[in-house]
Amino acid sequence: IEADRPQLADADNSALHINAIRRTGRLTISSVPNYDAIFEKLPTNAQLNAQQDQLIRSAFAKNPGQIEAARKLKAMPAGRFAITYSDDFVTTSIPHAEDVREVADMLKHDAVLLAQDGDCDGAVESCQAIINAGRAVKDDPFLITCLIRIALQNISLNTLERVLAQGE
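Residues numbered from 1 in each chain as written. Predicted model: local features only at pLDDT ≥ 70, side-chain atom pairs only at ≥ 80, totals over all residues. Heavy atoms only, no water.

J.: Account for the nonpolar core, naming residues and giving values.
T.: Ranked by size, the top nonpolar core spans 33 residues in total, and within it Ile-56 and Leu-73 carry the most contacts. Within the residue set of this core, elements represented by two or more residues are helix 1 (14–23), helix 2 (35–38), helix 3 (50–61), helix 4 (66–71), helix 5 (96–116), helix 6 (120–135) and helix 7 (143–166). Residue contributions to this core peak at 8 residues, all from helix 5. Once residues lying within four places of it in the same chain are set aside, the contact partners of Leu-73 are Ser-14, His-17, Ile-18, Ile-21, Val-103, Leu-107, Ala-129, Asn-132 and Ala-133. Counting 7 residues, the second largest nonpolar core, distinct from the first, contains Leu-114, Ala-115, Ala-123 and Cys-127. (Core = buried A, V, L, I, M, F, W, Y, C linked by side-chain atoms within 4.5 Å. Buried < 20%, exposed > 50% of the residue type's maximum accessible area, 1.4 Å probe, protein only. Helix = DSSP H or I, 4+ residues; strand = E, 2+ residues; numbered from the N terminus. Contact = heavy atoms within 4.5 Å.)

J.: Summarise the environment of Asn-158; cite the residues concerned and give the values.
T.: Residue position: Asn-158 is located in helix 7. Considered as a pair, Asn-158 and Lys-108 are 50 residues apart in the sequence and their alpha carbons are 9.3 Å apart.

J.: How would you explain the layout of surface pockets if you had to name every residue and give the values?
T.: A volume near 590 Å³ is recorded for the largest pocket. In terms of lining residues, the largest pocket is bounded by 25 residues, among which Ser-30, Tyr-35, Asp-105, Lys-108 and Ile-155 are the most central. Those elements that provide at least two residues to the lining of the largest pocket are helix 2, helix 5 and helix 7. If you tally residues by element for the lining of the largest pocket, the top one is helix 7, at 9 residues. Class assignment of the residues belonging to the lining of the largest pocket gives a composition of 9 nonpolar, 7 polar and 9 charged. If you go around the second largest pocket, the residues you meet are Arg-26, Leu-27, Thr-28, Ile-29, Ser-31, Val-32, Leu-55, Ser-58, Ala-59, Lys-62 and Asn-63. Taken together, the residues of the lining of the second largest pocket sort by class into 5 nonpolar, 4 polar and 2 charged. (1 Å grid on protein atoms, 1.4 Å probe; cavity = no way out; pocket = protein on both sides within 12 Å on 5 of 7 lines; lining within 4 Å. Points joined across faces, edges and corners; volume = space filled by probe spheres on them. Nonpolar A, V, L, I, M, F, W, Y, C, P; charged D, E, K, R; others polar.)

J.: Would you mind going over the side chain of Asp-105 in detail, with residue names and values included?
T.: Looking at the element boundaries, Asp-105 is found in helix 5. Although buried, Asp-105 forms no salt bridge, and the nearest oppositely charged side chain, Lys-108, lies 4.2 Å from it. In this structure the side chain of Asp-105 is engaged in a polar contact, spanning 3.1 Å, whose partner is the backbone nitrogen of Ile-29. Within the structure, the side chain of Asp-105 is placed 2.4 Å from the side chain of Ser-30, a separation counted as a polar contact. (Lys, Arg positive; Asp, Glu negative; His and termini not counted. Salt bridge = Lys/Arg side-chain N within 4 Å of Asp/Glu carboxyl O. Polar contact = N/O pair within 3.5 Å; in protein donor to acceptor, adjacent residues only side chain to side chain.)

J.: Break down the environment of Ala-136 for me, with residues and values.
T.: Counting through the fold element by element, Ala-136 comes out in the loop between helix 6 and helix 7. Sequence separation between Ala-136 and Lys-62 is 74 residues, and the spatial gap between their C-alpha atoms is 26 Å. Those residues in contact with Ala-136, other than ones at most four positions away along the chain, are Ser-14, Ala-15, Ile-18, Gly-79, Arg-80 and Phe-81.

Just distances and angles here, no functional claims.
Here it is as structure tokens:
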């Protein structure tokens, strides 16, 4: 299985970039207490309220530079994580799947905040970075990584809808 997966130069490998981002610390905005209640029923054309805006900005302030590094994924459409297979394949550990989801969550909130601030071009680029984060698991031979990739495409599309609704 591993021999059939494409090889990538380290400089072009978005998976290595995601690993580097994750080494700088965890940043999962969607897992804060009461997140669903705070962002409940937020129409795409409505601006963030003060609580929503502050939640995202304070989360980004905890780890400066991390979001800027994540934005670079917009120019990295290919990736490949190293996988060490278990003897039975079924129990193979794929911790990178959660890393991809967390980086995409960060980029989603970045796009929302950039649209809030009127930088729709930057917000669209963060949506592209979400797509590319999903592409980092494109060749993984696991159902869960396929589902994560599909979910990230959906998140990117929904976030892009919000960006377009906030723009002109």
